[in-house]
Amino acid sequence: MAEDVLLQADGLCTFYGTSQALFDVALKVPSRGGVAILGRNGAGKTTLLKTLAGDLKPARGTVRFNGSECTRMPVEARVRRGIGHVPQEHGVFGRLTVKENLRIGAMAAPRGEQRIDEMIELFPRLGQRLGQQAGTLSGGERKMLAISRALLGSPHLLMLDEPTEGVWHGVIEEIAECLEQLTRTIAVVIVEQHVKMALRVARYCYVMDRGHVALQGPSDDVRDDPALVRLLAP
Ligand SMILES: Nc1ncnc2c1ncn2[C@@H]1O[C@H](COP(=O)(O)OP(=O)(O)OP(=O)(O)O)[C@@H](O)[C@H]1O
Ligand SMILES: [Mg+2]
(Lines give C-alpha, C1' and ligand atoms only; values in the text may rest on other atoms or scores of the structure.)
(Ligands and ions follow the chains in the order given, each with its own letter.)
Protein backbone atom coordinates (compact mmCIF):
# COMPACT_ATOMS: atom_id res chain seq x y z
CA MET A 1 0.00 0.00 0.00
CA ALA A 2 1.24 3.52 -0.82
CA GLU A 3 2.34 5.59 2.15
CA ASP A 4 -0.37 7.97 3.36
CA VAL A 5 1.16 11.45 3.02
CA LEU A 6 -1.01 14.58 2.88
CA LEU A 7 1.79 17.13 3.08
CA GLN A 8 5.41 16.60 2.23
CA ALA A 9 8.20 19.16 2.46
CA ASP A 10 11.72 18.53 1.16
CA GLY A 11 14.94 20.51 1.37
CA LEU A 12 13.31 23.70 2.62
CA CYS A 13 15.68 26.66 3.01
CA THR A 14 14.05 29.90 4.13
CA PHE A 15 15.83 33.22 4.64
CA TYR A 16 15.02 36.54 6.29
CA GLY A 17 17.05 38.81 4.04
CA THR A 18 20.52 37.28 4.06
CA SER A 19 20.00 35.42 7.31
CA GLN A 20 19.09 31.74 6.83
CA ALA A 21 16.45 30.43 9.25
CA LEU A 22 15.68 26.98 7.75
CA PHE A 23 18.32 24.53 6.50
CA ASP A 24 17.18 21.63 4.31
CA VAL A 25 14.10 20.87 6.36
CA ALA A 26 12.09 17.80 5.34
CA LEU A 27 8.81 16.73 6.91
CA LYS A 28 5.86 14.44 6.20
CA VAL A 29 2.33 14.75 7.53
CA PRO A 30 -0.15 11.88 7.17
CA SER A 31 -3.80 12.65 6.38
CA ARG A 32 -4.92 11.80 9.91
CA GLY A 33 -3.25 12.16 13.26
CA GLY A 34 -1.01 14.73 14.87
CA VAL A 35 2.56 15.80 14.13
CA ALA A 36 4.43 17.93 16.67
CA ILE A 37 7.23 20.39 16.02
CA LEU A 38 9.30 21.11 19.10
CA GLY A 39 12.40 23.18 19.74
CA ARG A 40 13.66 25.97 21.92
CA ASN A 41 13.02 29.69 21.24
CA GLY A 42 14.38 30.76 17.88
CA ALA A 43 14.79 27.17 16.58
CA GLY A 44 12.77 27.95 13.44
CA LYS A 45 9.36 26.45 14.28
CA THR A 46 7.29 29.50 13.32
CA THR A 47 9.40 29.99 10.19
CA LEU A 48 8.68 26.40 9.16
CA LEU A 49 4.93 26.75 9.71
CA LYS A 50 4.84 30.04 7.80
CA THR A 51 6.77 28.43 4.95
CA LEU A 52 4.25 25.58 4.82
CA ALA A 53 1.30 28.00 5.02
CA GLY A 54 2.67 30.26 2.27
CA ASP A 55 3.40 33.36 4.39
CA LEU A 56 7.10 32.89 3.59
CA LYS A 57 8.55 31.63 0.32
CA PRO A 58 11.51 29.27 0.61
CA ALA A 59 14.64 30.02 -1.43
CA ARG A 60 15.02 26.29 -2.07
CA GLY A 61 12.98 23.17 -1.50
CA THR A 62 9.45 22.03 -2.21
CA VAL A 63 6.11 21.68 -0.47
CA ARG A 64 3.60 19.19 -1.84
CA PHE A 65 0.02 19.02 -0.58
CA ASN A 66 -2.51 16.37 -1.55
CA GLY A 67 -0.43 15.24 -4.50
CA SER A 68 0.39 18.61 -6.08
CA GLU A 69 3.18 21.06 -5.58
CA CYS A 70 2.26 24.29 -3.78
CA THR A 71 5.70 25.72 -2.93
CA ARG A 72 4.98 29.12 -4.53
CA MET A 73 1.19 29.12 -4.21
CA PRO A 74 -0.33 32.14 -2.40
CA VAL A 75 -1.83 31.67 1.07
CA GLU A 76 -5.47 31.97 -0.13
CA ALA A 77 -5.01 29.22 -2.73
CA ARG A 78 -3.59 26.93 -0.04
CA VAL A 79 -6.52 27.71 2.26
CA ARG A 80 -8.92 26.76 -0.56
CA ARG A 81 -7.08 23.46 -0.98
CA GLY A 82 -7.52 22.72 2.70
CA ILE A 83 -4.53 24.10 4.61
CA GLY A 84 -5.62 25.94 7.77
CA HIS A 85 -3.09 27.94 9.81
CA VAL A 86 -3.49 29.43 13.28
CA PRO A 87 -0.51 31.79 13.60
CA GLN A 88 1.39 32.40 16.84
CA GLU A 89 0.07 35.96 16.94
CA HIS A 90 -3.57 34.78 17.09
CA GLY A 91 -5.32 35.57 13.81
CA VAL A 92 -8.51 37.20 15.15
CA PHE A 93 -9.98 40.66 14.48
CA GLY A 94 -9.70 42.38 17.87
CA ARG A 95 -12.27 45.11 17.20
CA LEU A 96 -14.95 42.74 15.97
CA THR A 97 -17.13 40.59 18.22
CA VAL A 98 -16.70 36.86 18.62
CA LYS A 99 -19.79 36.28 16.45
CA GLU A 100 -18.52 38.62 13.71
CA ASN A 101 -15.15 36.88 13.72
CA LEU A 102 -16.87 33.52 13.31
CA ARG A 103 -19.13 34.86 10.54
CA ILE A 104 -16.11 36.05 8.56
CA GLY A 105 -14.46 32.66 9.02
CA ALA A 106 -17.66 30.95 7.82
CA MET A 107 -18.28 33.24 4.84
CA ALA A 108 -16.82 30.92 2.24
CA ALA A 109 -17.97 27.77 4.03
CA PRO A 110 -21.00 25.78 2.90
CA ARG A 111 -23.54 25.51 5.75
CA GLY A 112 -21.81 28.45 7.43
CA GLU A 113 -24.29 29.11 10.27
CA GLN A 114 -24.47 25.42 11.11
CA ARG A 115 -20.68 25.24 11.19
CA ILE A 116 -20.64 28.19 13.64
CA ASP A 117 -22.97 26.25 15.94
CA GLU A 118 -20.59 23.28 15.72
CA MET A 119 -17.69 25.51 16.81
CA ILE A 120 -19.71 26.74 19.77
CA GLU A 121 -20.35 23.14 20.70
CA LEU A 122 -16.62 22.44 20.45
CA PHE A 123 -15.74 25.49 22.58
CA PRO A 124 -18.79 26.35 24.74
CA ARG A 125 -16.87 29.30 26.27
CA LEU A 126 -17.16 31.10 22.94
CA GLY A 127 -20.93 30.65 22.96
CA GLN A 128 -21.14 32.61 26.20
CA ARG A 129 -19.17 35.50 24.66
CA LEU A 130 -20.64 35.94 21.19
CA GLY A 131 -21.24 39.67 21.66
CA GLN A 132 -17.85 40.40 23.24
CA GLN A 133 -15.09 42.19 21.32
CA ALA A 134 -12.42 39.62 20.42
CA GLY A 135 -9.67 41.99 21.61
CA THR A 136 -11.04 41.78 25.15
CA LEU A 137 -11.06 37.96 25.32
CA SER A 138 -8.60 36.16 27.59
CA GLY A 139 -5.54 34.59 25.95
CA GLY A 140 -7.09 31.11 26.04
CA GLU A 141 -10.43 32.29 24.66
CA ARG A 142 -8.67 34.11 21.84
CA LYS A 143 -6.79 30.94 20.95
CA MET A 144 -10.11 29.05 20.86
CA LEU A 145 -11.61 31.69 18.57
CA ALA A 146 -8.56 31.55 16.27
CA ILE A 147 -8.77 27.75 16.10
CA SER A 148 -12.53 27.94 15.37
CA ARG A 149 -11.96 30.46 12.58
CA ALA A 150 -9.42 28.17 10.93
CA LEU A 151 -11.73 25.16 11.34
CA LEU A 152 -14.65 26.99 9.70
CA GLY A 153 -12.76 26.66 6.42
CA SER A 154 -13.06 22.84 6.85
CA PRO A 155 -9.31 22.23 6.41
CA HIS A 156 -7.80 18.82 5.71
CA LEU A 157 -4.71 20.02 7.57
CA LEU A 158 -4.73 22.35 10.57
CA MET A 159 -1.40 23.89 11.60
CA LEU A 160 -1.24 25.56 15.01
CA ASP A 161 1.61 27.71 16.26
CA GLU A 162 1.72 27.46 20.06
CA PRO A 163 -2.01 27.11 20.76
CA THR A 164 -1.37 27.02 24.52
CA GLU A 165 1.05 29.96 24.81
CA GLY A 166 0.00 32.13 27.76
CA VAL A 167 -3.00 29.92 28.47
CA TRP A 168 -4.09 28.79 31.95
CA HIS A 169 -3.54 25.05 32.53
CA GLY A 170 -7.27 24.26 32.87
CA VAL A 171 -7.89 25.70 29.41
CA ILE A 172 -4.81 23.89 28.01
CA GLU A 173 -6.64 20.68 28.90
CA GLU A 174 -9.72 21.81 26.93
CA ILE A 175 -7.64 22.73 23.89
CA ALA A 176 -5.67 19.46 24.06
CA GLU A 177 -8.88 17.45 24.16
CA CYS A 178 -10.28 19.29 21.17
CA LEU A 179 -7.08 18.77 19.15
CA GLU A 180 -6.94 15.12 20.10
CA GLN A 181 -10.49 14.77 18.79
CA LEU A 182 -9.58 16.55 15.55
CA THR A 183 -6.66 14.22 14.83
CA ARG A 184 -9.20 11.41 14.34
CA THR A 185 -10.57 13.08 11.21
CA ILE A 186 -7.92 15.51 9.88
CA ALA A 187 -4.17 16.13 9.99
CA VAL A 188 -2.95 18.42 12.77
CA VAL A 189 0.52 19.97 12.97
CA ILE A 190 1.20 21.53 16.33
CA VAL A 191 4.14 23.74 17.34
CA GLU A 192 4.45 23.69 21.10
CA GLN A 193 6.64 24.63 24.05
CA HIS A 194 4.39 22.52 26.22
CA VAL A 195 6.02 19.17 25.39
CA LYS A 196 3.62 16.94 27.31
CA MET A 197 0.64 18.44 25.54
CA ALA A 198 2.31 18.19 22.11
CA LEU A 199 3.30 14.57 22.54
CA ARG A 200 -0.21 13.76 23.73
CA VAL A 201 -1.76 15.18 20.55
CA ALA A 202 0.96 13.96 18.14
CA ARG A 203 1.94 10.48 17.07
CA TYR A 204 5.09 11.70 15.36
CA CYS A 205 7.44 14.42 16.39
CA TYR A 206 10.15 16.66 14.88
CA VAL A 207 12.59 18.53 17.12
CA MET A 208 14.28 21.57 15.57
CA ASP A 209 17.59 23.14 16.48
CA ARG A 210 19.00 26.27 14.82
CA GLY A 211 16.92 25.82 11.70
CA HIS A 212 17.62 22.08 11.27
CA VAL A 213 15.56 19.03 12.12
CA ALA A 214 17.79 17.60 14.85
CA LEU A 215 15.64 14.68 16.00
CA GLN A 216 12.51 12.97 14.73
CA GLY A 217 10.51 9.84 15.38
CA PRO A 218 7.31 8.44 16.85
CA SER A 219 6.32 10.49 19.92
CA ASP A 220 6.71 7.48 22.22
CA ASP A 221 10.38 7.15 21.21
CA VAL A 222 11.18 10.87 21.23
CA ARG A 223 9.62 11.26 24.70
CA ASP A 224 12.29 8.92 26.15
CA ASP A 225 15.20 10.06 23.96
CA PRO A 226 17.94 11.66 26.11
CA ALA A 227 18.67 14.06 23.20
CA LEU A 228 15.25 15.69 23.73
CA VAL A 229 16.24 17.27 27.04
CA ARG A 230 19.44 18.66 25.52
CA LEU A 231 17.60 20.03 22.46
CA LEU A 232 14.98 21.79 24.58
CA ALA A 233 17.38 23.17 27.20
CA PRO A 234 17.67 26.97 27.06
N1 LIG B 1 10.95 38.68 10.52
C2 LIG B 1 12.17 38.24 10.83
N3 LIG B 1 13.28 38.89 10.40
C4 LIG B 1 14.53 38.41 10.69
N5 LIG B 1 14.77 37.32 11.42
C6 LIG B 1 13.71 36.64 11.88
C7 LIG B 1 12.36 37.05 11.60
N8 LIG B 1 11.52 36.19 12.20
C9 LIG B 1 12.29 35.26 12.80
N10 LIG B 1 13.61 35.53 12.61
C11 LIG B 1 14.74 34.74 13.11
O12 LIG B 1 14.65 33.42 12.59
C13 LIG B 1 14.99 32.46 13.60
C14 LIG B 1 13.84 31.49 13.80
O15 LIG B 1 12.73 32.20 14.35
P16 LIG B 1 11.31 31.53 14.59
O17 LIG B 1 10.36 32.62 14.91
O18 LIG B 1 10.99 30.64 13.45
O19 LIG B 1 11.63 30.63 15.88
P20 LIG B 1 10.64 29.80 16.81
O21 LIG B 1 11.22 28.43 16.90
O22 LIG B 1 9.25 29.92 16.35
O23 LIG B 1 10.84 30.52 18.22
P24 LIG B 1 9.76 30.78 19.44
O25 LIG B 1 9.69 29.51 20.19
O26 LIG B 1 10.43 31.86 20.23
O27 LIG B 1 8.46 31.22 18.83
C28 LIG B 1 15.36 33.26 14.85
O29 LIG B 1 16.74 33.40 14.90
C30 LIG B 1 14.68 34.61 14.62
O31 LIG B 1 15.39 35.65 15.25
MG1 LIG C 1 7.56 30.74 17.17
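Cut-offs applied
Residues numbered from 1 in each chain as written. Chains lettered and ligands numbered in written order. Predicted model: local features only at pLDDT ≥ 70, side-chain atom pairs only at ≥ 80, totals over all residues. Helix = DSSP H or I, 4+ residues; strand = E, 2+ residues; numbered from the N terminus. Expected span 1.5 Å × (residues − 1). Buried ≥ 20, exposed ≤ 12 C-beta atoms within 10 Å, placed from the backbone. Pairing = 2+ DSSP bridges. Axes fitted to C-alpha atoms, helices over the stretch in contact; angles between N-to-C directions. Contact = placed C-beta atoms within 7 Å. Near = placed C-beta within 6 Å. Nonpolar A, V, L, I, M, F, W, Y, C, P; charged D, E, K, R; others polar. Core = buried A, V, L, I, M, F, W, Y, C linked by C-beta atoms within 7 Å.

**What to know about helix H6 (residues 139-152)**
One full turn of an α-helix is made of 3.6 residues, so residues set three or four places apart face in the same direction. Over its 14 residues, H6 runs 20 Å from end to end, which matches the ideal 20 Å to within 8%, given 1.5 Å per residue. Among the 14 residues in H6, 13 count as buried, and that is most of the element. Residue Ser 154 follows H6 closely and has a positive phi angle near 45°.

**Focus on the pairing of strand E7 (residues 157-161)**
Of all 5 residues in E7, 5 are buried, a share of seventy percent or more. Here E7 shows two buried faces, one formed by Leu 157, Met 159 and Asp 161 and the other by Leu 158 and Leu 160. As paired elements, strand E6 (residues 83-86) and E7 share 4 bridges and run parallel to each other. By the bridge assignment, Val 86 is partnered in E7 with Leu 160. By the bridge criterion, 5 bridges tie E7 to strand E8 (residues 187-191) in an arrangement that is parallel.

**Structural notes on the sheet that holds strand E1 (residues 7-16)**
One open sheet holds the 4 strands; their spatial order is E2-E1-E4-E5, and the pairing between them is antiparallel. Either end of the sheet is taken by a strand with one partner, and the two such strands are strand E2 (19-29) and strand E5 (68-69). Direction of pairing for E1 relative to E2: antiparallel, over a ladder of 7 bridges. Of the residues in E2, the one forming a bridge with Leu 7 is Val 29.

**Topic: the sheet that holds strand E3 (residues 33-38)**
With mixed pairing, 6 strands are arranged side by side in an open sheet as E6-E7-E8-E3-E9-E10. What marks the edges here is a single partner per strand, and that holds for E6 and strand E10 (212-218). Taken pair by pair, the neighbouring strands of this sheet meet at an average axis angle of 15°, ignoring direction. Bridge count for E3 against strand E9 (residues 204-209) is 4 bridges, and the pairing is parallel. In the strand pairing of E9, Val 35 is matched with Tyr 204. Strand contacts of H6: E6 and E7, with the helix running at about 170° to E6, the strand carrying the most contacts.

**Quick look at the site of ligand 1**
Neighbouring residues of ligand 1: Tyr 16, Ser 19, Ala 21, Gly 39, Asn 41, Gly 42, Ala 43, Gly 44, Lys 45, Thr 46, Thr 47 and Gln 88. Elements represented by at least two residues in the shell around ligand 1 include exactly E2 and helix H1 (45-53). With 3 residues, H1 is the largest single contributor of residues to the shell around ligand 1. Considering only residue class, the shell around ligand 1 consists of 3 nonpolar, 8 polar and 1 charged.

**Brief notes about the nonpolar core**
Of all hydrophobic cores here, the largest spans 64 residues; its most connected members are Ala 36, Leu 157, Val 189, Ile 190 and Val 201. Not counting chain neighbours up to four residues away, the residues in contact with Val 189 comprise Val 29, Val 35, Ile 37, Leu 157 and Met 159.

**Focus: the environment of Cys 205**
Inspection of the secondary structure assignment puts Cys 205 in strand E9. The class of Cys 205 is buried, set by 26 C-beta atoms lying within 10 Å. Put simply, Cys 205 and Gly 131 are 74 residues apart on the chain and 39 Å apart in space, counted from C-alpha to C-alpha. For Cys 205, the contacting residues outside a window of four places in its chain are Ala 36, Leu 38, Leu 199, Gln 216, Gly 217, Ser 219 and Val 222.

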